[in-house]
Amino acid sequence: MVATHNLIATERVEKIETQPLHHVNIPYEKATFGMGCFWGCDSLFGATKGVLRTCVGYSGGTTPAPVYRNMGDHTEVIEIHYDPTVINFSDLLDLFWNNHEYGLTTRIKRQYMSLILYHNEEQRRISEESRAEEQIKRAPEKIITEIAPAGIFYPAEDYHQKYRLQGHRDLAKSIGLTPELLHKSHVAARLNGYLIGVGGLEQFEKDTDRLGLNTDQAQYVRDYVRENEGGGIFC
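Residues numbered from 1 in each chain as written. Predicted model: local features only at pLDDT ≥ 70, side-chain atom pairs only at ≥ 80, totals over all residues. Heavy atoms only, no water.

**Quick look at the UniProt feature "domain: Peptide methionine sulphoxide reductase MsrA" (unreviewed entry) in the protein**
If you check UniProt for "domain: Peptide methionine sulphoxide reductase MsrA" (unreviewed entry), the listed places come out as residues 30–166 in our numbering. Taken end to end, residues 30–166 is 30% helix and 25% strand, and its two terminal C-alpha atoms sit 24 Å from one another. (UniProt positions renumbered as here; feature names shortened; annotations may be inferred. Helix = DSSP H or I, 4+ residues; strand = E, 2+ residues; numbered from the N terminus.)

Shown next as structure tokens:
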């Protein structure tokens, strides 16, 4: 009788459908960076431990209601929601300094400039101290990163959000990705990085069950993590 009961319980467990983890209710802080093209940094931060959500957009300027084809004086940026009990602002800055698409010392058009938009005085202080330390490391080159208070953040168009994940249409559809979730989903942010190898295989394996991926979804992503782990962050 016990054996039969255990068999029935096992079958019930196997039939339970997984639910992708789109929403996480965890207290968070914000960080906003401009690092060149925002597709690459969306993947980088999305699969970083302690990051809860990412959204790419436009900020730092004065042009009202910017869009990609009419950005005005804004910059491509990423807004990051992170759990400060897992990762701190200094850790995020380490990733910022070492993963620019177009470098830190070459002046280019404002759309792709190196930019830190701080959300409080502590972030301002840490950013300025961090920039000074980074300048010593990179001398005699001159870092041109600007540090300014965060203003209005304008989310970019849907096709820019989680750009790498959207290239895997069947996977995106299977996790129920909607236009709204492109901007807010936790699992979408993670997969957007894992698919190009960010985080690596060991981290992905630890994350799989928590993210609510089923066997087929996990294997699909696992294959891409293996193939791309150690590769560069690019647009």
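**Let's talk about the domain arrangement of the protein**
Looking at the assigned domains, one finds that the protein contains domain 1 (25–156) and domain 2 (158–228). One C-alpha centre belongs to domain 1, the other to domain 2, and the line joining them spans 23 Å. Residue-level contacts link 19 residues of domain 1 with 19 residues of domain 2. The largest contributions to the domain 1 side of the interface with domain 2 come from Trp39, Ser43 and Ala47, which together make up 36% of the buried area. Linking domain 1 with domain 2 are zero salt bridges. (Domains from an automatic or database assignment. Contact = heavy atoms within 4.5 Å. Buried area = accessible area lost by both parts, 1.4 Å probe. Salt bridge = Lys/Arg side-chain N within 4 Å of Asp/Glu carboxyl O.)

**Things to note about the pattern of salt bridges**
Across all of its chains, the model carries eleven salt bridges by this definition. Among the ionic pairs, glutamate 128 bridges to arginine 124, the shortest N-O distance being 2.8 Å. Taken together, the positions of glutamate 128 and arginine 124, both in helix H4 (residues 121–138) and four residues apart, correspond to about one turn of that helix. A salt bridge links aspartate 207 to arginine 210, with the shortest nitrogen-to-oxygen separation between them at 2.7 Å. With aspartate 207 and arginine 210 both in helix H9 (residues 200–211) and three residues apart, the pair spans about one turn of that helix. Here the residues in one salt-bridge network are Glu121, Arg124 and Glu128, joined through shared partners.

**Some points on the state of the cysteines**
Enumeration according to the criterion identifies one disulfide in this entry. Between cysteine 37 and cysteine 235 runs a disulfide, and the two sulfur atoms are separated by 2.1 Å. On the sign convention where negative is left-handed, the bridge of cysteine 37 and cysteine 235, at about -105° about the S-S bond, is left-handed. On the criterion of sequence distance, the pair formed by cysteine 37 in the loop between strand E1 (29–35) and helix H2 (38–46) and cysteine 235 in the segment after helix H10 (215–228) is long-range, its members being 198 residues apart. The buried category is assigned to cysteine 37, whose relative accessible area is 10%. Of all cysteine sulfurs in the structure, the one in cysteine 235 sits closest to cysteine 41, which takes part in no disulfide; the separation is 7.3 Å. A residue is classified by how much of its surface remains accessible, and cysteine 41, at 5% relative accessible area, is buried. (Disulfide = S-S within 2.5 Å. Buried < 20%, exposed > 50% of the residue type's maximum accessible area, 1.4 Å probe, protein only.)

**Considerations on the sheet that holds strand E5 (residues 146–149)**
A sheet is described by the order of its strands in space; here six strands give the open sequence E5-E4-E1-E3-E2-E6, paired in mixed fashion. At either margin of the open sheet sits one strand with a lone partner, and together these are E5 and strand E6 (154–155). Where strand E4 (residues 114–118) and E5 come together, four bridges link them in parallel fashion. Bridging across to E5, leucine 117 finds its partner in alanine 148. (Pairing = 2+ DSSP bridges.)

**Details of the packing of aromatic side chains**
Applying the stated criterion across every chain yields a total of eight aromatic pairs. Pairing phenylalanine 33 with phenylalanine 89 gives two aromatic rings, centres 6.0 Å apart and planes at 35°, and the pair type is tilted. One end of the pair, phenylalanine 33, is in strand E1; the other, phenylalanine 89, is in helix H3 (residues 89–98), and 56 residues separate them in sequence. This pair shows no difference in class: phenylalanine 33 is buried, exactly as phenylalanine 89 is. Relative to tyrosine 58, the ring of phenylalanine 38 has its centre 6.0 Å away and its plane inclined at 40°; by these criteria the two rings are tilted. Linking phenylalanine 38 in helix H2 with tyrosine 58 in strand E2 (residues 51–59), this pair joins segments that are 20 residues apart in sequence. In this structure an aromatic cluster arises from ring pairing among Phe33, Phe45, Phe89, Phe96 and Trp97. Residue placement shows arginine 53 over the ring face of tyrosine 28; its charged tip is 4.9 Å from the ring centre. (Phe/Tyr/Trp six-rings, centres within 6.5 Å; stacked < 30°, edge-to-face > 60°. Lys NZ or Arg CZ within 6 Å of the ring centre and 35° of its normal.)

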